[in-house]
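As a plain string of letters, each chain reads:
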There are 2 protein chains.
Amino acid sequence: MRVITTIKEMQIEILKKKAEYKSVGFVPTMGFLHEGHLTLINKARQENDVVVLSIFVNPLQFGPSEDFTTYPRDFERDRALAESEKVDYLFYPAVKEMYPHALSNTVIVQERTDVLCGRSRPGHFDGVATVLTKLFNIVMPTRAYFGKKDAQQVAVVDGLVKDFNFPIQIIPVDIVREEDGLAKSSRNVNLLPEERLQAAVLYRSLKAAEAAILEGERSPAKIKNSIHQTIAAESNAFVDYIEILSYPELKTLEELNGTIIIALAVKFTNVRLIDNLILEL
Amino acid sequence: MRVITTIKEMQIEILKKKAEYKSVGFVPTMGFLHEGHLTLINKARQENDVVVLSIFVNPLQFGPSEDFTTYPRDFERDRALAESEKVDYLFYPAVKEMYPHALSNTVIVQERTDVLCGRSRPGHFDGVATVLTKLFNIVMPTRAYFGKKDAQQVAVVDGLVKDFNFPIQIIPVDIVREEDGLAKSSRNVNLLPEERLQAAVLYRSLKAAEAAILEGERSPAKIKNSIHQTIAAESNAFVDYIEILSYPELKTLEELNGTIIIALAVKFTNVRLIDNLILEL
């Protein structure tokens with residue numbers, strides 16, 4: 001595995017590989033790798049000749065009061081994990097390499113952003129779309145892999161690639177969970193010990209909602225209400241949002257039908273967690 | 001020469017060529033080709049294995065009161081010219097192919113846009129940057145060719161490619177002029193016959209300014225004033241702007257030094273013309 005820190009070197013390497021007819025699988029991350037990421041890398045490894053993993057905590061997608069500085073980082077551990085997962089190139093640029101000065105050109109995303117996490121994170125998806133536009137031009141992947149845990153991100157990236165005609169296939173990958181159902185996340189380390197136990201409530205409440213829907217419940221309001229009560233029973237868990245929307249359009253629904261997403265965000269002392277379930281009715 | 005109208009087919013063709021180690025030269029245009037364009041195509045032909053010419057009158061870069069509908073079009077003539085200039089692929093998409101629906105993702109350009117043409121055309125360069133982001137992803141050129149006549153566009157494209165890390169070399173090409181000095185432009189056909197004669201005043205006033213500078217004049221105000229008087233002497237010519245700025249930063253100058261651009265826009269009955277001179281002091 002080669003660690004590359006400059007944009008120019010990354011582009012030169014990739015252009016060489018592409019001239020050899022190699023397909024390139026790309027897993028963009030903010031590091032502090034967990035099994036969710038490793039699943040993405042594994043899938044990329046199976047489907048491509050060359051695998052590029054990027055680790056870049058992107059300041060542009062964090063709001064001023066968000067956790068950019070406290071976002072967990074551990075490069076040496078990430079490097080060892082990437083190596084053991086047979087990554088070919090680990091792209092690890094400094095902030096100054098990606099943003100040598102304030103950008104004059106940025107991507108603005110107008111749809112699928114005023115719901116879910118986008119509502120409480122203004123500008124977040126502009127930052128995501130801008131850094132991905134850069135990373136896609138740097139890594140020039142054949143396929144790019146994203147976890148379904150951030151389902152809104154998958155929907156936004158899908159729109160970005162279609163709107164800008166990137167010659168890239170987006171591969172959404174299923175959520176990887178702990179034994180108690182908690183979705184794997186780099187941020188889980190910021191849960192207090194008792195909160196780690198309570199955090200299983202996110203998935204538990206989603207599964208209870210799924211069961212109610214399978215038994216015929218079709219009212220979004222009733223389902224949301226019942227999820228809310230389940231979560232409120234945990235002392236440190238505070239609901240940020242619970243939403244039920246069409247997927248991937250992310251439009252509000254009066255009654256449930258078609259492909260829907262039940263998505264939620266819950267705040268604990270030092271961390272805010274998200275989870276979701278996509279259902280075909 | 002092959003005419004291609006779909007994005008997908010264009011991308012497939014280019015990926016084939018790139019897999020054969022071919023370099024790709026790209027000349028993006030809005031059609032109604034003149035010698036200025038042919039110079040760009042010629043340069044692309046000399047420097048690349050494959051030459052792609054695109055013809056697309058991009059609605060996104062026209063303001064609501066601008067000349068999108070009257071912008072001159074003559075595809076059959078353009079096709080014949082492209083063929084005779086040994087273009088390999090003529091990419092000629094319909095508006096519906098490029099914009100099947102309103103884009104959710106657009107590029108916003110914040111610098112180098114509030115001067116020259118950008119000042120009187122709000123959103124113009126956002127539209128240029130957005131369509132070029134699409135075209136660059138569709139054509140995946142090694143080199144892209146732009147005329148220096150639209151010097152502000154060259155400066156903005158330069159910023160776009162750097163900010164978004166497109167693996168593309170931007171090649172600015174000198175202005176091609178008529179015998180009386182008028183810069184070649186698709187819009188020149190919209191000049192009334194007597195205006196065609198008057199239009200030589202743009203270049204004449206620029207050359208007079210250059211002469212004054214070579215003789216030691218360093219006051220932007222005095223030079224602009226003298227250009228203004230020269231143009232005002234023509235009955236149908238109305239100055240839209242005359243600006244003297246640093247290049248390519250496009251910043252206002254108190255006194256002339258370094259690389260500067262003298263740029264102007266002049267309105268006639270049915271058309272607005274631009275021209276410029278870049279000088280190293």
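On a predicted model such as this, the values are computed, not experimentally measured, just so you know.

Moving on to the overall build of chain A. The number of helices and strands found in chain A is 10 helices and 10 strands. Taken against the 2.2 N^0.38 rule, which gives 19 Å for 281 residues, the C-alpha radius of gyration of chain A at 19 Å falls within 12% of a compact globule. Counting only C-alpha atoms, chain A reaches 55 × 40 × 40 Å along its principal axes. The burial tally for chain A puts 42% of its 281 residues in the buried class. Sequence-distant contacts in chain A: of pairs separated by 6 or more residues, those separated by 24 or more amount to 70%.

Further remarks concern the sheet that holds strand 8 (residues 238–246) of chain B. All names here are of chain B. A sheet is described by the order of its strands in space; here three strands give the open sequence 8-9-10, paired in antiparallel fashion. Of all strands in the sheet, those bounded by a partner on one side alone are strand 8 and strand 10 (272–280). Sheet twist, expressed as the average angle between the axes of neighbouring strands with direction ignored, equals 10°. Note: strand 8 against strand 9 (residues 259–267), eight bridges, orientation antiparallel. Bridged to phenylalanine 238 within strand 9 is lysine 267. Against the sheet, helix 10 (residues 220–232) engages strand 8 and strand 9, with an angle of about 155° to strand 8.

Residues and elements named next belong to chain A. Here helix 9 (residues 201–214) is 14 residues long and its end C-alpha atoms lie 20 Å apart, about the 20 Å a rise of 1.5 Å per residue gives. The set of residues buried in helix 9 consists of Val201, Leu202, Tyr203, Ser205, Leu206 and Ala209. Looking at the buried positions of helix 9, the neighbouring elements they touch are helix 8 (193–198), helix 10 (220–232), strand 9 (259–267) and strand 10 (272–280). Downstream of helix 9 by a residue or two, glycine 216 has a phi angle that is positive, lying close to 115°.

As a further point, take the nonpolar core. Formed by 156 residues in total, the largest nonpolar core has its most connected members in Val139(A) and Val139(B). Setting aside anything within four residues of it in sequence, one finds Val139(B) in contact with Met10(B), Ile14(B), Val24(B), Phe26(B), Val52(B), Ser54(B) and Phe91(B).

Contacts between the two partners involve 29 residues from chain B and, on the opposite side, 29 residues from chain A. Of all elements in the fold, only helix 1 (7–19), strand 5 (105–109), helix 6 (124–139) and helix 7 (151–164) of chain B reach the threshold of two or more residues within the side of chain B that touches chain A. Residues belonging to the side of chain B that touches chain A are distributed by class as follows: 15 nonpolar, nine polar and five charged. Relative to strand 5 of chain B, strand 5 (residues 105–109) of chain A runs antiparallel, the two sharing five bridges. Bridged to Val107(A) within strand 5 of chain B is Val107(B).

Our focus in this paragraph is the domain arrangement of chain A. All names here are of chain A. According to the domain assignment, chain A consists of domain 1 (2–173) and domain 2 (186–276). Computed from C-alpha coordinates alone, the two centres of domain 1 and domain 2 are separated by 26 Å. Of all the secondary-structure elements, those providing two or more residues to the side of domain 1 that touches domain 2 are helix 5 (116–120) and helix 7 (151–164). Looking at the side of domain 1 that touches domain 2, the element that brings in the most residues is helix 7, giving four residues. Classifying every residue of the side of domain 1 that touches domain 2 gives eight nonpolar, three polar and four charged.

Before going further, it helps to spend a moment on the relation of the copies chain B and chain A. The two chain copies are related to each other by a rotation about an axis together with a translation along it. Overlay of chain B on chain A (RMSD 0.0 Å): rotation 180°, translation along the axis 0.0 Å. Within this description, the copies of the chain are treated as partners about a two-fold rotation axis. By C-alpha distance to the rotation axis, the residue of chain B lying nearest is Val107(B), at 2.3 Å. Taken as a fraction of all interface residues of chain B, those also at the interface in chain A reach 100%, which identifies the copy contact as same-surface.

Here we take up helix 3 (residues 75–84) of chain A. Residue and element names in this part refer to chain A. Residues Asp78, Leu81 and Ala82 constitute the buried set of helix 3. Buried residues in helix 3, looked at end-on, bunch into an arc of 100°, giving them a common side. Exposed positions of helix 3 whose direction lies more than 90 degrees from the buried face are Glu76, Glu83 and Ser84. Note on helix 3: the residue one or two positions beyond its end, lysine 86, has a positive phi of about 65°.

Each pair of packed helices gets described by two things: the angle between the helix axes and the distance between those axes. Residues and elements named next belong to chain B. Contact geometry for helix 9 (residues 201–214) and helix 10: axes closest at 9 Å, N-to-C directions at 150°. Comparing the axis directions of helix 9 and helix 10 gives the class roughly antiparallel. Here the hand of the crossing between helix 9 and helix 10 comes out right-handed. Contacts between helix 9 and helix 10 pair Val201, Arg204, Ser205, Ala208, Ala209, Ala212 and Ile213 from the former with Ile223, Ser226, Ile227, Thr230 and Ile231 from the latter. Class assignment for the residues of the contact of helix 9 with helix 10 results in eight nonpolar, three polar and one charged.

Glancing now at the pairing of strand 9 of chain B. All names here are of chain B. Note that strand 9 and strand 10 share nine bridges and pair antiparallel. Looking at strand 10, one finds that threonine 259 is bridged to glutamate 280. Counted between consecutive antiparallel strands, the loop separating strand 9 from strand 10 contains four residues.

What follows concerns the environment of Ser235(B). Tracing the backbone shows Ser235(B) in the loop between helix 10 and strand 8. For Ser235(B) and Ser120(B), which are 115 residues apart along the polypeptide, the C-alpha to C-alpha distance reads 23 Å.

What follows concerns the environment of Leu245(B). All names here are of chain B. The residue leucine 245 is located in strand 8 in this model. Residue classification places leucine 245 among the buried residues on the basis of 23 C-beta atoms within 10 Å. C-alpha of leucine 245 to C-alpha of isoleucine 278: the two residues are 33 residues apart in sequence and 9.6 Å apart in space.

Outside of glycine, negative phi angles account for most residues, and trans bonds account for most peptide bonds. Cis geometry is found at the peptide bond from Tyr247(A) to Pro248(A), where omega equals 5°. Topologically, Pro248(A) is positioned in the loop between strand 8 (238–246) and strand 9.

The next thing to look at is the sheet that holds strand 7 (residues 169–173) of chain A. Sheets are built from strands paired through backbone hydrogen bonds, the pairs being either parallel or antiparallel. Residues and elements named next belong to chain A. Taking strand neighbours across the sheet as the criterion, the six strands line up as 1-4-3-2-6-7 in an open arrangement whose pairing is parallel. The open sheet has two edge strands, strand 1 (2–4) and strand 7, and neither has a second partner. Adjacent strand axes in the sheet meet at a mean angle of 25°, parallel and antiparallel pairs treated alike. Of the pairings in the sheet, the one linking strand 6 (residues 143–147) to strand 7 comprises five bridges and is parallel in character. Counted as the bridge partner of phenylalanine 146 is proline 172 from strand 7. Across the sheet, helix 1 (residues 7–19) is in contact with strand 1, strand 2 (24–29), strand 3 (50–55) and strand 4 (89–91); its angle to strand 1 comes to roughly 130°.

Conventions we followed
Residues numbered from 1 in each chain as written. Chains lettered and ligands numbered in written order. Predicted model: local features only at pLDDT ≥ 70, side-chain atom pairs only at ≥ 80, totals over all residues. Helix = DSSP H or I, 4+ residues; strand = E, 2+ residues; numbered from the N terminus. Rg over C-alpha atoms; globule rule 2.2 N^0.38 Å. Buried ≥ 20, exposed ≤ 12 C-beta atoms within 10 Å, placed from the backbone. Contact = placed C-beta atoms within 7 Å. Pairing = 2+ DSSP bridges. Axes fitted to C-alpha atoms, helices over the stretch in contact; angles between N-to-C directions. Expected span 1.5 Å × (residues − 1). Core = buried A, V, L, I, M, F, W, Y, C linked by C-beta atoms within 7 Å. Nonpolar A, V, L, I, M, F, W, Y, C, P; charged D, E, K, R; others polar. Domains from an automatic or database assignment. Least-squares fit on C-alpha atoms with pLDDT ≥ 70 in both. Arc of directions from axis to C-beta. Parallel < 35°, antiparallel > 145°, perpendicular 65-115°, else oblique. Left-handed = near helix turned anticlockwise from the far one by under 90°.

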